[in-house]
Amino acid sequence: MTVAGARDAIRAALQPLMHDEVVPIRNALGRVLARDCLSTIDVPSHTNSAMDGYALAGADLPSDGVREYPVVATVMAGSRQPVQCGAGECVRIMTGAPMPDGTDTVVMQEQVELVDGQRIRIDARHRAGQNVRQAGEDIAAGSCVFAAGRLLRAADIGVMASLGFGEVSVRRRPKVAFFSTGDELRSIGQPLAEGEVYDSNRYTLYAMLLECGAEAIDFGVVRDDPEALSRAFTEAAAIADVVVTSGGVSVGEADYTKTILERHGEMSFWSIAMKPGRPLTFGKLGAATFFGLPGNPVAVMLTFMQFVRPALRYLASGNWPQTLTVPVASAVDLKKRPGRFEFLRGIIERHDGELRVRPAGAQGSGILTSMSRANCFILLPESCAGVSVGDAVQVQPFDTEL
Ligand code: AMP
Ligand code: MG
């Protein structure tokens, strides 16, 4: 199974969740809009000034030389008093204030000459209609501002506030039950005996689930024991849309995930031509979607980011997200043989004003600090047969800060 093939198979197996709930707009960040958002008003609701300055009729502007105007009134933002401006006159106006009758143009206060408290002079560099925001120029009444399925961002929350909406209909968050498997795992607070490790996967998974707006249901650590695993699988599938486990998917003696998935559900695939993350197991467990992630901490994060996160987005919105990848010059030679898709942990850095990328140290799939050091994945697709220094490689940034 190729990486692209696995994505297609996962998408084809999913049915987007279509239940809605109403939340205050402050709680809607990262949620998915359930219905088209239609404006009932013009934004801005009235034609207003974009500058502090003087409003006048564009037809009165001088075409050459300088012209003098009496200042007949002042309007502030929020003012509701009707103001008239006659031919050859001007009105002192503040940013956001409604345009007085008889005016369609604003001259910035920095660009006028004050004659005295009652008169100003304007020269010939201005153009009729400048510095005015038209009613409805941002949003026209009746228009569709956001379509159903949109993932709401900070600006969207503000746009909904500008329309006067205090609440919004969003899709239900996917419920994700997750647990770690392994006899060697200890929970935080317990002493570590010889050969034991602290369970870290459950914590990275919890954090990644929070980041992508899922409802995370922690099932703890489950021993490498078929009976205990069977119980955990069945209980998790009964309450969650998605079940995510880590560990137990390779071919060792205590790797029971595949057999138990086959006993209680259906396995779709269990191996992907990628590194790290090869033994990713995917299938159905009752009505729930099942992801058996590998045990190695880096492989857990990689497979979550490449497959589980887009799957959760698809469940919530009906849209499979396209992850941003950008070409960046490699700072070093990278060895690779054609065949599988390799994901290196990389560091994008600025060098002599240009961006370049280098691997973030040791690439073992157990070395979780390489994920903390990295700010991107370097993508080396199946056909890639190595990279020479200076060649462009595709990278997938983790976030927008270097
Ligand atoms: P497994 O796939 O179960 O054989 O696990 C592969 C490697 O990942 C082993 O070295 C495990 O100890 C390690 N591992 C598995 N689960 C976890 C976990 N929850 N936290 C940290 N390391 C783990
Ligand atoms: Mg194990």
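Predicted model only: the values in this text are computed from it and were never measured.

Parameters at a glance
- Residues numbered from 1 in each chain as written.
- Chains lettered and ligands numbered in written order.
- Predicted model: local features only at pLDDT ≥ 70, side-chain atom pairs only at ≥ 80, totals over all residues.
- Heavy atoms only, no water.
- Phe/Tyr/Trp six-rings, centres within 6.5 Å; stacked < 30°, edge-to-face > 60°.
- Helix = DSSP H or I, 4+ residues; strand = E, 2+ residues; numbered from the N terminus.
- Buried < 20%, exposed > 50% of the residue type's maximum accessible area, 1.4 Å probe, protein only.
- Pairing = 2+ DSSP bridges.
- Axes fitted to C-alpha atoms, helices over the stretch in contact; angles between N-to-C directions.
- Contact = heavy atoms within 4.5 Å.
- 1 Å grid on protein atoms, 1.4 Å probe; cavity = no way out; pocket = protein on both sides within 12 Å on 5 of 7 lines; lining within 4 Å.
- Points joined across faces, edges and corners; volume = space filled by probe spheres on them.

(A) Up close: the packing of aromatic side chains. Summed over all chains, the structure comprises 10 aromatic pairs. Their ring planes at 45° and their centres at 6.4 Å tell us that Phe179 and Phe219 sit as a pair that is tilted. Taken together, the residues span a long stretch of sequence, with Phe179 in strand β13 (residues 175-181) and Phe219 in strand β16 (residues 215-222) at a distance of 40 residues. For Phe179, a relative accessible area of 0% translates into the label buried. A network of ring pairs unites the aromatic residues Phe179, Phe219, Phe233 and Phe290 as a single cluster.

(B) Expanded view of the sheet that holds β16. With respect to topology, 6 strands assemble into an open sheet ordered β16-β13-β17-β21-β20-β18, the strand pairing being mixed. Looking along the sheet, the strands with just one partner apiece sit at the ends: β16 and β18 (266-269). This sheet shows a mean twist of 20° between the axes of neighbouring strands, independent of strand direction. When β13 meets strand β17 (residues 242-246), the two strands line up parallel, connected through 5 bridges. Looking across to β17, one finds that Ala177 is bridged to Val243. Running over the sheet, helix α1 (residues 3-13) touches β18, β20 (281-285) and β21 (288-293) and is turned about 10° from β20. Sheet strands touched by helix α6 (residues 297-317): β13, β17 and β21. Its angle to β21, the strand with the most contacts, is close to 170°.

(C) How the structure looks around the layout of surface pockets. Volume-wise, the largest pocket comes out at about 1300 Å³. What lines the largest pocket is a set of 36 residues, among which Met305, Arg309, Thr323, Pro397 and Phe398 lie closest to the centre. The set of elements that each furnish at least two residues to the lining of the largest pocket consists of α1, α3 (201-211), α6, β23 (341-351), α7 (369-373), β25 (376-380) and β26 (392-397). With 6 residues, the single largest contributor to the lining of the largest pocket is α6. Considering only enclosed or pocket space, the second largest pocket measures out at about 500 Å³ in volume. As for the second largest pocket, its lining consists of 30 residues, and the residues nearest its centre are Gly247, Ser250, Pro294, Gly295 and Asn296.

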